[in-house]
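Descriptive structure summary
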Amino acid sequence: MKVSLVIMAAGLGSRYGGSKQVDGIGPGGEILMEYSIYDALRAGFGKVVFIIKPEMEGLVRRLCGDYLERKTAGDGAPVEVAYAFQDFSSLPAFYAPPPERTKPFGTVHALLCAADVVHEPCCVINADDYYGIDAYRAMYKELTGLPAAGKAAMVGYLLKNTASLHGTVSRGICTVEDGRLRSVRETKKIQLFSDGTLRDLAADRLLDPESTVSMNYWGFMPSVFPVLEDYFARFLQGEGGRDPQSECLLPIMVDDLLRAGELEVSVLRSADKWFGMTYREDRETVAEELRTLHQAGAYPENLRK
């Protein structure tokens, strides 16, 4: 069965101070999503879809798209590569964004932009996060066994391993029971302190470091696209469509569907450590993590061969 890796790479990277999705951070100048692609292909995935801004296409092709088209998947077939573009041209005909709107509409809209090129089970990830090979193996196995509709999957990580000392982060804090996701609470101002404590600054409360969080590592069947379309339309028709800063986010959508009894989500665990770049100050830590993985033999000297 063909399974696709869908990489959301259209974000502005405003807190990072630049386009972190294309920052060469590995010892050979690799960008973070090259590690995701390498891990996904060796886990069994056969297709890669890049969700990007239109002006990024040439750059993404040069960085990894062109060489991917010359690679073969685990089943011996050529790796399929596709591009989807997240911009205002893909908005529903009934809606016109406020004139002051400049930022993208969030991850629900991002995935919806890939509807024309994703026709198989898919794993949806952020471009600027490292998830580890174990996550892809677990997700591939799960996706090949999911029914056509009504179920999805996510890989959960511990909150204490996903925050930054250099500023606040947003995380979907999860309630998990018996391996099933019960709720996701989007928490936007989480601060890690040097003593290891974590605080929700917006609510002024301490957070459990052992909490499971969503890092936008989702597994969906193609039946999710009509659901996305309906959900995003209702978002635009409400306050979200009028607020120039609002975003329609996958964790919030999943939580709404869980509460409505319309979706069941299995929570998978990974033995690997997550890391990523929210702030430019995170860069050296991530670079060191990647150097260590290469030295330990987890990755070859050249990911692109």
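Our structure is the block above this text.
The following paragraphs examine the structure supplied in this document. (Residues numbered from 1 in each chain as written. Predicted model: local features only at pLDDT ≥ 70, side-chain atom pairs only at ≥ 80, totals over all residues. Heavy atoms only, no water.)

1. Thoughts on the overall build of the chain
For the chain, the helix and strand inventory stands at 8 helices and 13 strands. Whereas a compact globule of 305 residues would reach a radius of gyration of roughly 19 Å, the chain reaches 18 Å, a difference of no more than 12%. When the backbone C-alpha atoms are referred to their principal axes, the chain occupies close to 50 × 50 × 45 Å. Sorting the 305 residues of the chain into buried and exposed places 53% on the buried side. Total accessible area computed for the chain in this model is approximately 13,300 Å², and 49% of it derives from carbon and sulfur atoms. Averaging the positions of the 34 positive and the 42 negative side-chain charges in the chain gives two centres separated by 2 Å. (Helix = DSSP H or I, 4+ residues; strand = E, 2+ residues; numbered from the N terminus. Rg over C-alpha atoms; globule rule 2.2 N^0.38 Å. Buried < 20%, exposed > 50% of the residue type's maximum accessible area, 1.4 Å probe, protein only. Areas by Shrake-Rupley, 256 points an atom, 1.4 Å probe, with all protein chains shown as cover. Lys, Arg positive; Asp, Glu negative; His and termini not counted. Charge placed at Lys NZ, Arg CZ, Asp CG, Glu CD.)

2. Brief notes about the layout of surface pockets
When its volume is computed, the second largest pocket comes out at roughly 330 Å³. Lining the second largest pocket are 18 residues, and of these Asn161, Ala163, Ser164, Asp282 and Thr285 sit closest to its centre. Those elements that place two or more of their residues in the lining of the second largest pocket are strand S13 (275-276) and helix H8 (283-295). Take the lining of the second largest pocket: its biggest share by element is 3 residues, from H8. Per-class residue counts for the lining of the second largest pocket are 6 nonpolar, 7 polar and 5 charged. (1 Å grid on protein atoms, 1.4 Å probe; cavity = no way out; pocket = protein on both sides within 12 Å on 5 of 7 lines; lining within 4 Å. Points joined across faces, edges and corners; volume = space filled by probe spheres on them. Nonpolar A, V, L, I, M, F, W, Y, C, P; charged D, E, K, R; others polar.)

3. Remarks on helix H2 (residues 57-68)
Under the 1.5 Å per step criterion, the end-to-end length of H2 is only 14 Å for 12 residues, more than 12% shorter than the ideal 16 Å. What H2 keeps buried is the set Val60, Cys64, Gly65, Tyr67 and Leu68. Tucked into the core, H2 has its buried residues touching helix H1 (32-43), strand S2 (47-52) and strand S3 (80-85). (Expected span 1.5 Å × (residues − 1). Contact = heavy atoms within 4.5 Å.)

4. Describing the packing of aromatic side chains
Given two aromatic rings, their pairing is described by the distance between the two centres and the angle made by the two planes. A full pass over the atoms with the stated rule returns 16 aromatic pairs. When the centroid spacing of 5.9 Å and the interplanar angle of 80° are considered together, the rings of Tyr95 and Phe105 count as edge-to-face. One end of the pair, Tyr95, is in the loop between S3 and helix H3 (107-112); the other, Phe105, is in the loop between S3 and H3, with 10 residues separating them in the sequence. A relative accessible area of 12% means that Tyr95 is categorised as buried. A relative accessible area of 0% places Phe105 in the buried class. Members of the aromatic cluster, joined through ring pairs, are Phe45, Tyr131, Tyr136, Tyr140, Tyr157 and Tyr217. The ring of Phe105 has Arg101 lying over it, and the distance from NZ or CZ to the ring centre is 3.8 Å. (Phe/Tyr/Trp six-rings, centres within 6.5 Å; stacked < 30°, edge-to-face > 60°. Lys NZ or Arg CZ within 6 Å of the ring centre and 35° of its normal.)

5. Regarding the side chain of Ser246
Residue position: Ser246 is located in the loop between helix H6 (239-242) and helix H7 (250-259). Looking at Ser246, the relative accessible area reads 10%, which means it is buried. At a separation of 2.5 Å, a polar atom in the side chain of Ser246 contacts the main-chain carbonyl oxygen of Gly240. Of note is the side chain of Ser246, whose polar atom sits 2.9 Å from the backbone oxygen of Asp243. (Polar contact = N/O pair within 3.5 Å; in protein donor to acceptor, adjacent residues only side chain to side chain.)

Shape descriptors only; they carry no functional weight alone.
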